[in-house]
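# An overview of the molecular structure
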Amino acid sequence: MQLHVSPSMRSLTISSNNGFIDLMKIKVAARHISYRTLFHTILILAFLLPFVFILTAIVTLEGVNKCSSFDCLGRRLGPRLLGRVDDSGRLVKDFYKILNQVNAEKIPDGIKLPDSFNQLVSEMKNNQYDAKTFALMLRAMMEKLEREIRESKFSELMNKHFAASSIPKGLYCLSLRLTDEYSSNAHARRQLPSPELLPVLSNNSYHHFILSTDNILAASVVVNSAVQSSLRPEKIVFHIITDKKTYAGMHAWFALNPVSPAIVEVKGVHQFDWLTRENVPVLEAVENHHGIRNYYHGNHLAGANLSNTTPRTFASKLQARSPKYISLLNHLRIYLPELFPNLDKVVFLDDDVVIQRDLSPLWEIDLWGKVNGAVETCKGEDEWVMSKHFRNYFNFSHPLIAKHLDPDECAWAYGMNIFDLRTWRKTNIRETYHYWLKENLKSNLTMWKLGTLPPALIAFKGHIHPIDPSWHMLGLGYQTKTNIEKAKRAAVIHYNGQSKPWLQIGFEHLRPFWTKYVNYSNDFVRNCHILEL
């Protein structure tokens, strides 16, 4: 390639070295060329020269292949410019056409499918399949694989649901052994708390925690974590409420494993005279409702249309059918003002939480005339836990729900709540709660599906005071993407969801937050083979 500037500066010529015709001529004025013109000329040359070089290289290579420049260039570029393609392009178009045909057709019933791609290729060679038959077989194999993966996912979710709803062998053993100890060991039956400390149970200068559970090991973790994280454990009073069958074992555990200087009271629901069916109509309504027990304890696959259900929706429905949702222990927090008539302010905790920071400042929070101090769950980026509105919990196609609730209203969290019982007693929260439970039962559970939070969202409507999210971090039982550093900084972490830390299905990287408060050297724990997972 050569660049030639005429003596008179009238033209610039670019030509090839092999006698190829001039590729480009740029004519300029003879006498009045300016620096700006020269600059623009050089700029154009700088832009075009690389393309000229590439084109020249192509011509040179074509010459090596015994092919004239025009012939090769025409043969290679011509068909594309005229809209034609080579043989491989036509094959691709033909294959696309076949795929579209196969996609629109129904796969024949009873078609025998190979077990692997290698087998498919082998059969194709032996039977001399045409392209359409090959594509049809391939589509049938892919659809079969998708069905198998989908069925496997639903089976996994069902097994996880059963695992989450069952009682691990070790925990069952712990309850039985402690119950036996209660009947045979006077120390396991000693009064909790001791008689001289009974006045503390209604002393509002102490920090009162309420825990409702039938899980003895989980209760011990909640209490231990609160005491070890407190700056003033001598000010802590725990009121633990359990059911009748677990009462003896729960009492024995805390009688034999005191958490001094904190104070622990253990009571069974049967010991509250106020908790009768007459005063708690939800009990009778739940027990007598047609099919209600079958809904929570029956075949959870019966009537389920899995073909039109996503795995996530199915998982949500399974969780909503957890048997714990018809347990009085799960509804108990709505009766706190009556159960503790002498207390002014309490913190209610679920049994799947761990306290990591001193919670004394909670009692100093001014709720501004509200009843329930709770963390709102509608202002986070996490779609599983912290982006919940009323639409996530209620069926707004139900006319009663649509009439009374706003789908965009912010939801809040149960599990760690500071309750002002004095203000609560001036409201009709309990009556509202009962009303909506009955309406949902009348509607055959079509207003909402998930547990005790939905009726609480309605009952406490207008009575919520938002508290800082660092007080209560949720979601450790839902997902593996929990921010570990954020979890370390949270005052309370909550394993809400199916993957509880005491279960095999618990997330391994999140379990140490919980297991650090388990006394694995305890004789009852060791004898029941409750080992650190």
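These numbers were taken from a predicted model, which means no experiment stands behind them.

Thresholds applied
Residues numbered from 1 in each chain as written. Predicted model: local features only at pLDDT ≥ 70, side-chain atom pairs only at ≥ 80, totals over all residues. Heavy atoms only, no water. Helix = DSSP H or I, 4+ residues; strand = E, 2+ residues; numbered from the N terminus. Contact = heavy atoms within 4.5 Å. Areas by Shrake-Rupley, 256 points an atom, 1.4 Å probe, with all protein chains shown as cover. Phe/Tyr/Trp six-rings, centres within 6.5 Å; stacked < 30°, edge-to-face > 60°. Buried < 20%, exposed > 50% of the residue type's maximum accessible area, 1.4 Å probe, protein only. Lys NZ or Arg CZ within 6 Å of the ring centre and 35° of its normal. Pairing = 2+ DSSP bridges. Axes fitted to C-alpha atoms, helices over the stretch in contact; angles between N-to-C directions. Expected span 1.5 Å × (residues − 1). Patch = residues over 30% accessible without salt bridge, like charges linked within 9 Å, V, L, I, M, F, W, Y side chains within 5 Å. Salt bridge = Lys/Arg side-chain N within 4 Å of Asp/Glu carboxyl O. Right-handed = clockwise from strand over helix to strand, strands pointing away. pLDDT = per-residue confidence, 0-100. Disulfide = S-S within 2.5 Å. Polar contact = N/O pair within 3.5 Å; in protein donor to acceptor, adjacent residues only side chain to side chain.

### Quick word on the overall build of the protein
Of regular secondary structure, the protein possesses 20 helices and twelve strands. Intrachain contacts of the protein at a sequence separation of at least 6 include 72% that bridge at least 24 residues. Within the structure as shown, the protein displays about 29,400 Å² of accessible surface, and the carbon and sulfur contribution to it stands at 54%.

### Remarks on the packing of aromatic side chains
Inspection of the entire model under this criterion finds 14 aromatic pairs. With a centroid separation of 6.3 Å and 70° between ring planes, the pair formed by Tyr182 and Tyr247 is classed as edge-to-face. On the criterion of sequence distance, the pair formed by Tyr182 in helix α6 (residues 169–184) and Tyr247 in helix α8 (residues 244–256) is long-range, its members being 65 residues apart. Tyr182 sits in the partly exposed class, given a relative accessible area of 21%. What makes Tyr247 buried here is its relative accessible area of 13%. Here the aromatic residues Trp412, Tyr414, Phe419, Trp424 and Phe460 are joined through ring pairs into a cluster of three or more. Across from the ring centre of Trp471, 5.1 Å away, lies the NZ or CZ of Arg357, which sits over that ring.

### Notes on the sheet that holds strand β5 (residues 236–242)
Pairing in this open sheet of seven strands is mixed, and the strands run β6-β5-β4-β7-β10-β9-β11 from one edge to the other. Either end of the sheet is taken by a strand with one partner, and the two such strands are β6 (263–268) and β11 (464–466). Within the sheet, the average angular offset between the axes of one strand and its neighbour, ignoring direction, is 25°. With six bridges joining them, β5 and β6 adopt parallel strand pairing. Paired with Phe238 across the two strands is Val264, which belongs to β6. Running at roughly 170° to β5, helix α7 (residues 216–229) makes contact with β4 (207–212), β5, β6 and β7 (345–349) of the sheet. Strands β5 and β6 of the sheet are contacted by α8, whose axis makes an angle of about 160° with β6.

### Considering helix α5 (residues 131–165)
The end-to-end C-alpha distance of α5 is 51 Å, a good match for the 51 Å that 35 residues give at a rise of 1.5 Å each. Of the residues making up α5, those classed as buried are Phe134, Ala135, Leu136, Met137, Arg139, Ala140, Met141, Phe154, Leu157, Met158 and His161.

### Comments concerning a nonpolar patch on the surface
On the surface, Val92, Tyr96 and Leu99 cluster together to form a nonpolar patch covering roughly 280 Å² of accessible area. Following the sequence through the fold, Val92 ends up in helix α3 (residues 87–104).

### Points about the pairing of β7
Burial of β7 is extensive: five of the five residues sit out of reach of the surface. Side chains of β7 alternate between two faces, with Lys345, Val347 and Leu349 and Val346 and Phe348 buried alike. With five bridges joining them, β7 and strand β10 (residues 416–420) adopt antiparallel strand pairing. The residue of β10 that forms the bridge with Lys345 is Asp420.

### Overview of the pairing of β4
With six of six residues buried, β4 lies mostly within the body of the structure. Because side chains alternate across β4, one face comprises the buried residues His207, Phe209 and Leu211, and the other comprises His208, Ile210 and Ser212, equally buried. Strand direction decides the pairing type here: β4 and β5, joined by six bridges, are parallel. Opposite Ile210, over in β5, you have His239 as the bridge partner. With α7 bridging β4 and the parallel β5, this β-α-β connection has right-handed handedness.

### So, the confidence of the model for the protein
In this model, the protein carries an average pLDDT of 80, and 74% of its residues clear a pLDDT of 70 or more. Contacts from residues 1–5, a stretch scored under 50 in pLDDT, to residues over four places away or in other chains number 18 contacts. Counted against residues more than four places away or in other chains, residues 14–36, with its pLDDT under 50, gives 38 contacts.

### A closer look at the pattern of salt bridges
Taken as a whole and judged by the stated rule, the model has 13 salt bridges. Overlapping salt bridges bring together Asp214, Asp243 and Lys245 as one network.

### As for the state of the cysteines
One pass over the full model with this rule turns up two disulfides. A sulfur-sulfur separation of 2.0 Å characterises the disulfide bridge that pairs Cys378 with Cys410. Linking Cys378 and Cys410, the disulfide has an S-S dihedral of approximately -100° and is accordingly described as left-handed. Pair noted here: Cys378 is in the loop between β9 (372–374) and α14 (399–404) and Cys410 is in the loop between α14 and β10, with a separation of 32 residues, a long-range link. Classification of Cys410 by relative accessible area gives buried; the value is 18%.

### Here's the deal with unusual backbone geometry
Residue Leu192 is joined to Pro193 through a cis peptide bond whose omega torsion reads -10°. Relative to the helices and strands, Pro193 is located in the loop between α6 and β4. Phi is positive for His529, which is not a glycine, with a value near 55°. The residue His529 is located in the segment after α20 (523–527) in this model. You can call His529 exposed: its relative accessible area is 64%.

### Here's the deal with α7
The end-to-end C-alpha distance of α7 is 20 Å, a good match for the 20 Å that 14 residues give at a rise of 1.5 Å each. Summarising burial for α7: 13 of the 14 residues are buried, a large majority. You can read the cap of α7 off the contacts: a side-chain oxygen lies 3.3 Å from the backbone nitrogen of Leu217, and it is on Asn215.

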